[in-house]
Amino acid sequence: MSSATRTLISPATLARPRGRAVYWTVFTGVVLLFALAFLFPVYWMVTGAMKSPDEVARTPPTLVPTHWHLSGYTDAWDLMQLPEHLWNTVVQAAGAWAFQLVFCTAAAYALSKLKPAFGKVVLGGILATLMVPAQALVVPKYLTVADLPLLHTSLLNDPLGIWLPAVANAFNLYLLKRFFDQLPRDVLEAAEIDGAGKLRILWSVVLPMSRPVLGVVSIFALVAVWQDFLWPLMVFSDTDKQPISVALVQLSQNIQLTVLIAAMVIASIPMVALFLVFQRHIIAGISAGSTKG
């Protein structure tokens, strides 16, 4: 006999009109409160760029701009050279995404399905890097990028200085490996019987089945590069090659507050749009890569 699932509100209470009314009232109130908590900062930032400089600094603040000004966005686009720095960010994020997707996927597939010698030791060493604070790795990474071992060349002011360190992402590699571990072994064995090699199985069988987790890894990779500040600041001393996260700080010295807020709004639009478009893939990929009990 299966045990009944216990819930916060009993079915008997929900069956009564008063119980349903109380339930939906509380549920609607909680949803609205959470929506307000998450959306109000976005509203405040978007409308703050449409206020005058005096109104932004006014105490108490105004919830709705007295006079709507769109000049903050146009000034931010021109004065802070947003098209150039946005393009730099796109190049750096796209390269880091491509490198990470190729190498992390290959490494995860090898550790999961090819079972190399000392594979568990290698995986343990990779996961051990998650225990090291990111700030502690900045100096070794900088020394490596400034004088690349064996080649003795500098990757400073070069997108490769962003792309190559981004490949060493232990979290995304482990997420991919956990997903590959759960793929049906019968499907892979059937492909082997049909004569497919290891690379053919990866390309024709594993990758098509791994779209959810690949979507999650892609989003994590893009967001990580898009919002990073410290590492691009160290790599790019040339202001013309800096991404938007660094340029906003470097160019904000003599810029009005409304223009700076408008630039922040414009800089955040691509990531917000990316999340809204691929939010289903995020949830599906995380749940697919979770441990099955």
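Preceding this paragraph is the structure being described.
Please read all numbers here as calculations on a predicted model, not as lab measurements. Counting starts from 1 at the beginning of each chain's written sequence and moves along it residue by residue. With pLDDT at 70 or above as the cut-off, local features in this predicted model cover only qualifying residues; side-chain atom pairs require 80 or more to be listed or tallied, and sums for whole chains, interfaces and linings still use all residues. Excluded from the side-chain calculation are hydrogens and water; included are all heavy atoms of the structure.

## Brief notes about the environment of Leu175
Thinking step 1. Tracing the sequence through the fold places Leu175 in helix 9 (residues 170–181).
Thinking step 2. Considering only alpha carbons, one finds Leu175 and Leu230, 55 residues apart in sequence, at a separation of 25 Å.
Thinking step 3. Contact definition: two residues touch when any of their heavy atoms are within 4.5 Å. With sequence-adjacent residues up to four places away left out, Leu175 is seen in contact with Val213, Val216, Val217 and Phe220. Helix and strand assignments follow DSSP, with helices taken as H or I runs no shorter than four residues and strands as E runs no shorter than two, numbered in order from the N terminus.

## A short note on the packing of helix 10 (residues 185–193) against helix 11 (residues 198–209)
Thinking step 1. All axes are obtained by fitting lines to C-alpha atoms, using only the stretch in contact for helices, and the reported angles, taken between N-to-C directions, cover 0 to 180 degrees. Interaxial distance between helix 10 and helix 11 falls to 10 Å at its minimum, and their mutual angle equals 145°. Of the two elements, helix 10 crosses helix 11, and the hand of that crossing is right-handed. In this structure, helix 10 contributes Val187, Leu188, Ala191 and Glu192 to the contact, and helix 11 contributes Lys198, Ile201, Val205, Val206 and Met209.
Thinking step 2. The class makeup of the residues in the contact of helix 10 with helix 11 is seven nonpolar, no polar and two charged. Crossings are sorted by hand: turned counterclockwise from the far helix by less than a right angle, the near helix makes the crossing left-handed, and turned clockwise it makes it right-handed. Residues were grouped as follows: Ala, Val, Leu, Ile, Met, Phe, Trp, Tyr, Cys and Pro as nonpolar; Asp, Glu, Lys and Arg as charged; and all remaining residues, including Gly, as polar.

## Focus on the packing of aromatic side chains
Thinking step 1. Centre distance within 6.5 Å is the pairing criterion for rings of Phe, Tyr and Trp, where only the six-membered ring of Trp is used; planes under 30 degrees apart are then read as stacked, over 60 as edge-to-face, and the remainder as tilted. Counting across every chain of the model gives 10 aromatic pairs.
Thinking step 2. Centre to centre, the rings of Phe40 and Trp44 are 5.8 Å apart; their planes meet at 35°, and the pair counts as tilted. With Phe40 and Trp44 both in helix 2 (residues 17–48), this residue pair falls four residues apart, about one helical turn.
Thinking step 3. An aromatic cluster is defined as three or more aromatic residues linked by ring pairs; in this entry it consists of Tyr23, Trp24 and Phe27.
Thinking step 4. The cationic tip of Lys51 hangs over the ring face of Trp44; the distance from NZ or CZ to the ring centre is 4.3 Å.
Thinking step 5. Geometrically, a lysine NZ or arginine CZ counts as sitting over a ring once it is within 6 Å of the ring centre and also within 35 degrees of the ring normal. It is Lys141 that lies over the ring of Trp231; its NZ or CZ is 4.6 Å from the centre.

## A word on unusual backbone geometry
Thinking step 1. In this structure, the amide linkage connecting Thr59 to the following residue, Pro60, adopts the cis form with an omega of -5°.
Thinking step 2. By the secondary structure assignment, Pro60 is in the loop between helix 3 (53–56) and helix 4 (71–79).
Thinking step 3. Its identity is not glycine, yet Gln81 carries a phi of approximately 50°, on the positive side.
Thinking step 4. With respect to the helices and strands, the residue Gln81 is situated in the loop between helix 4 and helix 5 (82–114).
Thinking step 5. Partly exposed describes any residue whose relative accessible area lies between the buried limit of under 20% and the exposed limit of over 50%, with all areas from a 1.4 Å probe on protein chains only and scaled to the type maximum. Note on Gln81: relative accessible area 36%, which makes it partly exposed.
Thinking step 6. Positive phi outside glycine occurs at Leu150, with the angle close to 70°.

## Observations concerning the pattern of salt bridges
Here the idea is simple: oppositely charged side chains can pair when their charged atoms come close.
Thinking step 1. By definition here, a salt bridge exists when the distance from a side-chain nitrogen of Lys or Arg to a carboxyl oxygen of Asp or Glu is within 4 Å. Scanning the model with the defined rule gives four salt bridges in all.
Thinking step 2. Where Arg185 meets Glu189, a salt bridge forms, and the shortest distance between an N and an O atom there is 3.3 Å. Note that Arg185 and Glu189 are positioned in helix 10 at a spacing of four residues, about one turn of the helix.
Thinking step 3. Glu189 sits in the partly exposed class, given a relative accessible area of 37%.
Thinking step 4. The shortest N-O distance in the salt bridge between Glu192 and Lys198 comes to 3.1 Å.
Thinking step 5. We classify Glu192 as partly exposed; its relative accessible area is 40%.
Thinking step 6. Several salt bridges share partner residues, and in doing so they unite Lys177, Arg178 and Asp181 into one network.

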